[in-house]
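Chains, contacts and geometry: an overview
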Amino acid sequence: MRGGVHSWDDLPMTLVPGITVRSATEADAAGIRLLVETSFGTRSDEAWLERAAQLFAPLDSIVAVDGDRVVGHVRSREMILTVPGERTVSARGIAGVGVAPTHRRRGILRAMYIEQHRRTEAQGLPLTIFTASEGGIYGRFGYGPAVRQNAVTIDRRFAEFLPTTPNPGGVELVALADVTERVREIYDRWRRLTPGAQVRPDASWGNLFADPERFRGGGSDLFTLLHPDGYALYRYHHEAREMTVEVAEMRSVTADAHAALWRALFGLDLVTRITAELSDNDPLPYLLTNPRLVRTTARYDGLWLRLMDVPAALTARDYRTDLDVVLSVTDPFREAGGVFALTVRDGRAECAPTDRAADIELGIDVLGSMYLGAYPARVFAAANRLQAKDSGKLRALEEAFGADRDAVLGWFF
Ligand SMILES: CC(C)(COP(=O)(O)OP(=O)(O)OC[C@H]1O[C@@H](n2cnc3c(N)ncnc32)[C@H](O)[C@@H]1OP(=O)(O)O)[C@@H](O)C(=O)NCCC(=O)NCCS
């Protein structure tokens, strides 16, 4: 942003012959709607569109047009993201990326991304984040997966708690509409502790609480279990003669809330299976006599992250251990790379360009994967995506970048 006003429109770009990339205008609204619905295969209703416009200011969107036809679209908003050390960073969250099937693989996504990231750089935000539909596209733009999620299925009928499992009680059966403020308050306490979680805007709450039928996957509307420090929102699926409960969103601020909510869920006697999404170190398996009952059925990334400004991003989070390391970072897409000295004392970092020799060489996408603490450095070293001068530096880097709490995406966008 220059001079505090949006003046992007004076810079329409023609990186792809016949295609102009520019800011969206009100006249593009119908074209954007059709393109987004086509790209993701879901229709939207007026209430949904209104909340989408509150989440992502329409005039901040970037479109690619062929004549007056919208053939590409990217939208974004500033988000406050929790990073290790219970600190927060401003990040640009990108969403709604789509290119018309009639115009694929001509470089339109690349052209829109060049413009989107040029704007983000001008705004001085240290990070960009988004949820990716496919894993093979975004490494070239300097993004790495930064949050890991596990889909699990538990045969509830055989689940028994260990004698060591807390039984604090305190869970109430409530109607979601009666407790929306309490749910929001718990989420906000949880997201302040959890790397990867974002401040959640009203419109995102509106989408969750509206619970439109087309996003229920054939299940019931949302049921709610509430604890003073946690909540579980879940739906029932009736299949043949069996009932499955799908936990749609569970947030617990404390270990007691986590155990209490799972005890209540396992108390749903007529339910055969419970499905949920867990982070890597969720303690659920270790509350049970048979940890194997918590069966992982899929494992995927929940958030992708790119450092826009390496020193600003690396000093915005805290670290587990002291560190002295020189990082050589390559950026295939922008010019954020370089050689940086990173020094950590008592958790806090200083980071600046240096002409010292590098101890570690890595791509900016790898640094993005390590940033929230979910992906260890040694994995990338083994994959030849990170080169360390010696194993001591590699170990020190991995220890320092670890986080005390698993990274979790707060709300999907
Ligand atoms: C994904 C999508 C936006 C790509 O748009 P596009 O204009 O065809 O992409 P581009 O031609 O600009 O390609 C940019 C680069 O990504 C690569 N790429 C594009 N789609 C890819 C895919 N599905 N898998 C792997 N690589 C892909 C291209 O090869 C190109 O590489 P290069 O620039 O290094 O040579 C488009 O296919 C789409 O709208 N898909 C459906 C909706 C969707 O998945 N959106 C993404 C949400 S995160």
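What counts, and at which threshold
- Residues numbered from 1 in each chain as written.
- Predicted model: local features only at pLDDT ≥ 70, side-chain atom pairs only at ≥ 80, totals over all residues.
- Heavy atoms only, no water.
- Near = heavy atom within 4 Å.
- Polar contact = N/O pair within 3.5 Å; in protein donor to acceptor, adjacent residues only side chain to side chain.
- Areas by Shrake-Rupley, 256 points an atom, 1.4 Å probe, with all protein chains shown as cover.
- Helix = DSSP H or I, 4+ residues; strand = E, 2+ residues; numbered from the N terminus.
- UniProt positions renumbered as here; feature names shortened; annotations may be inferred.
- Contact = heavy atoms within 4.5 Å.
- Pairing = 2+ DSSP bridges.
- Axes fitted to C-alpha atoms, helices over the stretch in contact; angles between N-to-C directions.
- Expected span 1.5 Å × (residues − 1).
- Buried < 20%, exposed > 50% of the residue type's maximum accessible area, 1.4 Å probe, protein only.
- Arc of directions from axis to C-beta.

In the region of the ligand, 20 residues are neighbours, and V99, R105, R110, S133 and R140 sit closest. A distance of 3.0 Å is found between an oxygen atom of the ligand and a side-chain nitrogen or oxygen belonging to R104. Taking L109, its main chain carries an N or O atom lying 3.0 Å from an oxygen atom of the ligand. Notes on the ligand: free accessible area 910 Å², of which the protein chains cover 78%. Mapped onto the shell around the ligand, the elements with two or more residues apiece are α1 (29-40), β5 (87-99) and α3 (108-123).

Turning our eyes to something else, we now look at the UniProt feature "binding site: acetyl-CoA" (unreviewed entry) in the chain. According to UniProt, the "binding site: acetyl-CoA" (unreviewed entry) feature falls on V97, G98, V99, R105, R106, G107, I108, L109, R110, S133 and E134. When you line up the elements, R110 lands in helix α3. In contact with R110, not counting residues within four places along its chain, are R140, F141 and F333. Structurally, the position occupied by S133 is in the loop between β6 (127-130) and β7 (144-155).

Through backbone hydrogen bonds, the strands of a sheet pair up, either in parallel or in antiparallel fashion. Pairing within the open sheet is mixed, and its five strands lie in the order β16-β15-β14-β17-β18. Each edge of the open sheet carries a strand with a single partner, namely β16 (348-353) and β18 (386-388). Direction aside, the axes of adjacent strands within the sheet are offset by 25 degrees on average. Sheet topology note: the strand β14 (residues 323-330)/strand β17 (residues 360-363) ladder contains four bridges and is parallel. Looking at the pairing, L327 lines up with I360 of β17. Helix α10 (residues 391-401) contacts β14, β15 (338-345), β17 and β18 of the sheet and is inclined by roughly 95 degrees relative to β14.

Between its terminal C-alpha atoms helix α4 (residues 180-193) stretches 21 Å, which fits the 20 Å expected from 14 residues at 1.5 Å a residue. Taken together, the buried positions of α4 are T180, V183, I186, Y187, W190 and R191. The buried residues of α4 occupy an angular sector of 135 degrees when the element is viewed end-on, so they sit on one face. Next to the buried residues of α4 lie β4 (69-83), β5, α5 (202-210), β9 (223-227), β10 (230-239) and β11 (242-252).

This part is about unusual backbone geometry. Despite not being glycine, R105 shows a phi value in the positive range, around 55 degrees. Examined against the element boundaries, R105 turns out to sit in the loop between β5 and α3. A positive phi angle, near 60 degrees, is found at N384, a position not held by glycine. With respect to the secondary-structure elements, N384 resides in the loop between α9 (377-382) and β18.

Per the UniProt annotation, the sites labelled "active site" (unreviewed entry) are Y138 and F413. Of note, Y138 is situated in the loop between β6 and β7. Residue classification places Y138 among the buried residues on the basis of a relative accessible area of 6%. Mapped onto the secondary structure, F413 falls in the segment after α10. Discounting chain neighbours no more than four positions away, the residues touching F413 are F56, M79, G93, I94, A95, I129, F130, T131, Q198 and L303.

A few words on the pairing of β5. Looking along a regular strand, one sees the side chains alternate between the two faces of the sheet. Buried residues dominate β5, accounting for 10 of its 13 residues. Two strands pair when backbone bridges link them, and β4 and β5 are joined in this way by 11 bridges, in the antiparallel orientation. From the neighbouring strand, I80 faces β5, where its bridge partner is S90. Adjacent in sequence and paired antiparallel, β4 and β5 are bridged by three residues, among which G85 carries a positive phi angle near 95 degrees. In the sheet, β5 pairs with β6 via three bridges, with the strands oriented parallel. Directly across from A91, in β6, lies its bridge partner L127.

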